[in-house]
Amino acid sequence: MVADKKKNKKIGCCGTIIWIFIIFAIIGAVFGGNDKENAKNESKKEAKKTVEQKQKKKQEENVSFKNELEVFLSGNYLFVTNEDLDKYCTNMKDINVYVVTDVDDIKDGKIQSTLSDGFMMSGFNVGDRYSKYESSLEKGDIVAICGTVAGQDSYGGIGNSISLNDCYVFASGQEAEKYRKDKSDDALSQYFVVTEEVADSNEISEEDYKTLCQQLDYTDILRNPDSYDGKYCVVSGTVDQVIEGWFGSFTIYVVDGNGNKWGCTYSYADDESHVLEGDSVTAYGECKGTANTETVLGEQVTLPHISIEYWD
């Protein structure tokens, strides 16, 4: 009987300890949960406060765009759409323009924006104003920005990267939208023509391409082939010979009205009709200087080489 009393006493003590542990666990969970919730709420408050401070700072900085606006108004800047600037930039060097565009990035002393459907961002060099814009603007902001066209780097199908120098952001957000127009200023229309430089960095229509092509001097190409490399040209005459080459390409020899023979290379599109010997054709393409070829009699000759884009 004594042993049973000791056993029950031990069980009673253990039970008491377990209940004390459970009670403390419950208290800890309740108050600990409250602490976590409080910390979470404090974090939200701090984040909200940061956002509000940033917005307030942006509003204050926007007010300071007044100086930039004065520069813009006194600088005779002409509005150009993003598309026109992207396409005709090479014709507009040293022209003062402004655009309304999205900020894609702010770094390396410039505001960057993607002007076209390509993947390349253009750079608006802002000089010593960079730190101010870095603190007052964010990615995705809409800005009205003016500057002087400096140049263009073309990356083929990836897109073009255009540089503008001495740029000023003179409005942002809804205020910037007030400066957007449906089309570029009429005073810029003189620059909106397709030149060889424009064609080299943009896709152009067949009509514009043919307009660029000019008759070139046959003898001068043979004498100075490097001077004609990349020149757009047109050749009319009769197909003298057709030779199939590698990967579906063809070399087509055309004899013009003066009896001069031109070596033309071309790759047909699917289901496109082929030219045959004796056909009268007009070929439009780029001169590639000269190329050596062998006549049917085995003689080596040098002929002007034309890479053809279109036939008539």
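This brings us to the overall build of the chain. A count of helical and extended segments in the chain gives 8 helices and 12 strands. By the burial criterion, 35% of the 312 residues in the chain qualify as buried. A total of about 19000 Å² of accessible surface is found on the chain, and carbon and sulfur atoms cover 50% of it.

What follows deals with the confidence of the model for the chain. Across the chain, the average pLDDT comes to 85, with 79% of residues at 70 or higher. Mean pLDDT values for the elements of the chain range from 57 in helix α1 (residues 2-63) up to 98 in strand β1 (residues 78-79). The model gives residues 1-11 a pLDDT under 50, and that stretch makes 0 contacts with residues more than four places away or in other chains.

Bringing the environment of Asn82 into the picture now. Relative to the assigned elements, Asn82 resides in helix α3 (residues 82-88). Note: C-alpha distance between Asn82 and Val99 (17 residues apart in sequence) is 6.7 Å. Those residues in contact with Asn82, other than ones at most four positions away along the chain, are Val99, Val100, Thr101 and Leu115.

If you trace the 7 strands from one edge of the open sheet to the other, you get β1-β2-β6-β7-β5-β4-β3, paired in mixed fashion. The strands lining the two open edges of the sheet, one partner per strand, are β1 and β3 (105-107). Pairing analysis gives 3 bridges linking β3 to strand β4 (residues 110-113), with the strands arranged antiparallel. In the sheet register, Lys107 faces β4, and the bridge partner there is Lys110.

This next bit is on the pattern of salt bridges. Summed over the entire model, instances satisfying the criterion amount to 11 salt bridges. Lys181 is paired through a salt bridge with Asp185; the nearest N and O atoms lie 2.9 Å apart. For Glu206, the salt bridge identified is with Lys210, shortest N-O distance 2.8 Å. Of this pair, Glu206 and Lys210 both sit in helix α7 (residues 206-212), 4 residues apart, which is roughly one turn of the helix. Overall, the relative accessible area of 19% leaves Lys210 in the buried class. One network of salt bridges, in which partners are shared, links Asp128, Arg129 and Asp166.

Right, let's get into the sheet that holds strand β11 (residues 280-294). Adjacent strands of a sheet form backbone hydrogen bonds with each other and so pair up, either parallel or antiparallel. Strands sit in the order β8-β9-β10-β12-β11 around a closed barrel of 5 strands; the barrel is mixed. Taking each pair of neighbouring strands and ignoring which way they run, the sheet shows an average axis angle of 50°.

Okay, the side chain of Asp185 next. Looking at where Asp185 falls in the secondary structure, it is placed in the loop between α5 (173-177) and α6 (196-201). One polar contact links Asp185 to Lys181, side chain to side chain, over a distance of 2.9 Å. With residues up to four places along the chain from it excluded, the contact list for Asp185 reads Leu78 and Phe79.

So, on to the packing of aromatic side chains. The final tally for this structure, using the stated rule, is 15 aromatic pairs. Considering the side-chain rings of Tyr209 and Tyr310, the 5.4 Å spacing of their centres and the 75° angle between planes classify their relative orientation as edge-to-face. Here the residue Tyr209 occupies a position in helix α7, and Tyr310 occupies one in strand β12 (residues 300-311), the gap between them amounting to 101 residues. Among the aromatic residues, those joined into a cluster by ring pairs are Phe72, Tyr77, Phe79, Tyr98, Phe170 and Tyr179. Against the face of Tyr253 rests Lys261, its NZ or CZ located 5.7 Å from the ring centre.

A cluster of nonpolar side chains, contributed by Phe119, Tyr155 and Ile158, occupies part of the molecular surface with about 350 Å² of accessible area. In this structure, Phe119 sits in the loop between β4 and β5 (122-125).

A few words on the pairing of strand β8 (residues 232-244). Residues in a regular strand point their side chains to alternate faces of the sheet. Direction of pairing for β8 relative to β11: antiparallel, over a ladder of 7 bridges. Within β11, the position partnered with Val235 by the bridge is Ala283. Relative to strand β9 (residues 249-256), β8 runs antiparallel, the two being bridged by 7 bridges. Following the sheet pairing, Gln241 is matched in β9 by Tyr253. In this structure, the hairpin formed by β8 and β9 is closed by a connection of 4 residues, where Phe247 is found at a positive phi of approximately 55°.

For the rest of this paragraph, the subject is the environment of Ile243. Along the polypeptide, Ile243 turns up in strand β8. Note on Ile243: relative accessible area 34%, which makes it partly exposed. The spatial distance from the C-alpha of Ile243 to the C-alpha of Thr265 is 9.5 Å, given a sequence separation of 22 residues. When neighbours within four sequence positions are excluded, Ile243 is seen to be in contact with Ser249, Phe250, Thr251 and Tyr253.

We now examine unusual backbone geometry. With a phi close to 55°, Asn76 is a non-glycine residue in the positive phi region. The exposed category is assigned to Asn76, whose relative accessible area is 63%. Phi is positive for Asp166, which is not a glycine, with a value near 50°. With respect to the element layout, Asp166 can be found in strand β7 (residues 160-172).

What counts, and at which threshold
Residues numbered from 1 in each chain as written. Predicted model: local features only at pLDDT ≥ 70, side-chain atom pairs only at ≥ 80, totals over all residues. Heavy atoms only, no water. Helix = DSSP H or I, 4+ residues; strand = E, 2+ residues; numbered from the N terminus. Buried < 20%, exposed > 50% of the residue type's maximum accessible area, 1.4 Å probe, protein only. Areas by Shrake-Rupley, 256 points an atom, 1.4 Å probe, with all protein chains shown as cover. pLDDT = per-residue confidence, 0-100. Contact = heavy atoms within 4.5 Å. Pairing = 2+ DSSP bridges. Salt bridge = Lys/Arg side-chain N within 4 Å of Asp/Glu carboxyl O. Axes fitted to C-alpha atoms, helices over the stretch in contact; angles between N-to-C directions. Polar contact = N/O pair within 3.5 Å; in protein donor to acceptor, adjacent residues only side chain to side chain. Phe/Tyr/Trp six-rings, centres within 6.5 Å; stacked < 30°, edge-to-face > 60°. Lys NZ or Arg CZ within 6 Å of the ring centre and 35° of its normal. Patch = residues over 30% accessible without salt bridge, like charges linked within 9 Å, V, L, I, M, F, W, Y side chains within 5 Å.

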